[in-house]
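Chain by chain, the residues:
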Amino acid sequence: MTPTAITTAGPAPAARFTERYLLDPAVNADPYGYLNALRDHAPVHWSPMHRAWLVTGHEQVMHCLRDPAVSADRVRPLMDAVPQGARDDAERAFMILSRWMVFNDPPQHRRLRQVFQEQFAARAVARYSAFTERATRAMLARRAAPGRTGDITADIARPLPALVFARWLGVPQAHAPSFWYWNARVGDLVLGAAQEESEYRTSLRSLVSLEEYLAGLVAERRAEPKDDLISSVLAGGRVGDGVSGEEFVGMLTQMAFAGGETTGNLIANTLLALLHRPDQLRAVREEPELVAAAVEETLRLDGPSKMSIRTAARDTVLDGRTLRAGDRIFLVTAAANRDPARFPDPDVFDVRRTGGTHLGFGFGAHFCIGAALARLVACAVVGVLVRDYPDLRLEGTRHTWQLSLLNRSLTALPVRY
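All residue numbers here refer to positions counted from 1 along the written sequence of the relevant chain. Since the coordinates come from a predicted model, pLDDT governs what is reported: local features require at least 70, and pairs of side-chain atoms require 80 or more to be given and counted, while whole-chain, interface and lining totals use all residues. Side-chain metrics in this entry use all non-hydrogen atoms of the structure; hydrogen atoms and water are not considered.

**Side note on the pattern of salt bridges**
Any carboxyl oxygen of Asp or Glu that lies within 4 Å of a side-chain nitrogen of Lys or Arg is treated as forming a salt bridge with it. All told, the structure shown has 22 salt bridges when counted by the stated rule. For the salt bridge of Glu211 with Arg92, the shortest nitrogen-to-oxygen distance reads 3.0 Å. Within this pair, whereas Glu211 is found in helix α13 (residues 197–223), its partner Arg92 is found in helix α5 (residues 90–97), the two being separated by 119 residues in sequence. In the salt-bridge network here, residues are joined through shared partners; they are Arg92, Arg99, Glu211 and Glu212. By the criteria applied, helices consist of DSSP H or I runs no shorter than four residues and strands consist of E runs no shorter than two, each listed in order from the N terminus.

Here's what the structure looks like:
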């Protein structure tokens, strides 16, 4: 008998990492496998392709969110992206952006944020709970009759947060179409969707129009206060004391922009997650208190924001890598929120998950000031759909996502109600 040859294999070679463009349509559609591989390869990685540091580990992202050497002041890179032909429209628009809290570091950030702190507290926004549920049911009654097909994004996920936020801010219903058009175009600028010179011009002019409109609304509320955010802040006496009138209006443009987009995406992504997972949907239906947990798990697993952009204010060392002053830094929370060093079974959607701090709303000084309102609206919409539509199901299996570096946004969510 011929003896059988026995060979002893050495350790398998490490899989070779190949960098991919984050706006590649395939990566944009399903980024998590690639982001997991990137984090496993190096949680702090210099990307020549993006000319930025990609920070993907939970610990490393948390460090950056605490580190004063990592700056939120990134108006200049936005300005640099504007085509030369649109620069004439840019000066005033970028002066407005420079007043946004998200583009300021402490102590400026803290000074600006304090103006709105009371109005955004959970106890302050809780009084909108009943209105939000009534508005949700009324909107669904018009658009989502049981048995008909529809699109959750268009029927409820986008218009309902816009309705609630406009009322909270104090925008009259008659002004809503212009108000939300300007907001959408500002989003094109801030989120990088504007590419052509004409798109940049439209976005820049829309930001100026939004500021002019809100300045007029502030003047009206000074003369005749009402039950809304602007009136409440003015009554607090900080405008003219803690911040200037121009700073206040500039920050209102940020509030207006952020008010609808993120919450709408959170609603749609939560419903997609539940409808894909019948066991999780069943658990939420049986225990309605799990609606809030489903929203939180979506913020972790497939939230409306994939990353935020920062700049190194000075040379600093992170995970043994030297980041030079002026370097761009992408804080990839979508990867950090699936870090196995922080979350057991990180790629599993589990409405009973406990422990672990997700970064879906950021962390620390830049924790999203509107988190309480976003949670309230998302829980109201998801709760009504889960409870009142027992036959709700997905129509089709293919879903498309808007091409965006920062946002995680479905183009549509077809369902049968």
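**What to know about the packing of aromatic side chains**
Pairing of aromatic side chains here covers Phe, Tyr and the six-membered ring of Trp, requires ring centres within 6.5 Å, and sorts the geometry by plane angle: under 30 degrees stacked, over 60 edge-to-face, intermediate tilted. The full count for this structure, using the stated rule, is 13 aromatic pairs. Note on Phe179 and Trp180: the rings are 4.8 Å apart at their centroids and 80° apart in plane angle, and the pair reads as edge-to-face. A ring pair is formed by Phe361 and Phe367, whose centres lie 6.1 Å apart and whose planes are at 75°; its orientation type is edge-to-face. Only protein chains enter the accessibility calculation, which uses a 1.4 Å probe. A residue is then buried if its area is under 20% of the maximum for its type, exposed if over 50%, and partly exposed in between. When its relative accessible area of 6% is taken as the criterion, Phe361 is described as buried. An aromatic cluster of at least three residues, connected via ring pairs, comprises Phe116, Phe120, Phe165, Trp168 and Phe248.

**Topic: the nonpolar core**
In summary, soluble globular proteins display a tendency toward joint burial of nonpolar side chains. Counting 124 residues, the largest nonpolar core has Phe116 and Phe248 as its most contacted members. When residues of this core are assigned to their parent elements, the largest contribution, 15 residues, is made by helix α15 (residues 245–276). Nine residue types can take part in a nonpolar core, namely buried Ala, Val, Leu, Ile, Met, Phe, Trp, Tyr and Cys, and a core is a set of them joined through side-chain atoms within 4.5 Å. Among the nonpolar cores identified, the runner-up in size contains 15 residues, and Val61, Met62, Leu331 and Leu359 belong to it.

**Topic: the side chain of Thr153**
Among the structural elements, Thr153 can be located in helix α10 (residues 152–157). For Thr153, a relative accessible area of 2% puts it in the buried group. N or O atoms closer than or at 3.5 Å make up a polar contact, with two conditions inside protein: a donor-capable atom paired with an acceptor-capable one, and, for residues adjacent in sequence, both atoms drawn from side chains. Of the polar contacts made by the side chain of Thr153, one reaches the side chain of Asp151; its length is 2.6 Å. In this description, contact between two residues means that some pair of their heavy atoms is separated by no more than 4.5 Å. Residues in contact with Thr153, not counting those within four places in the same chain, are Arg158, Pro159, Ala268, Leu410, Thr411, Ala412 and Leu413.

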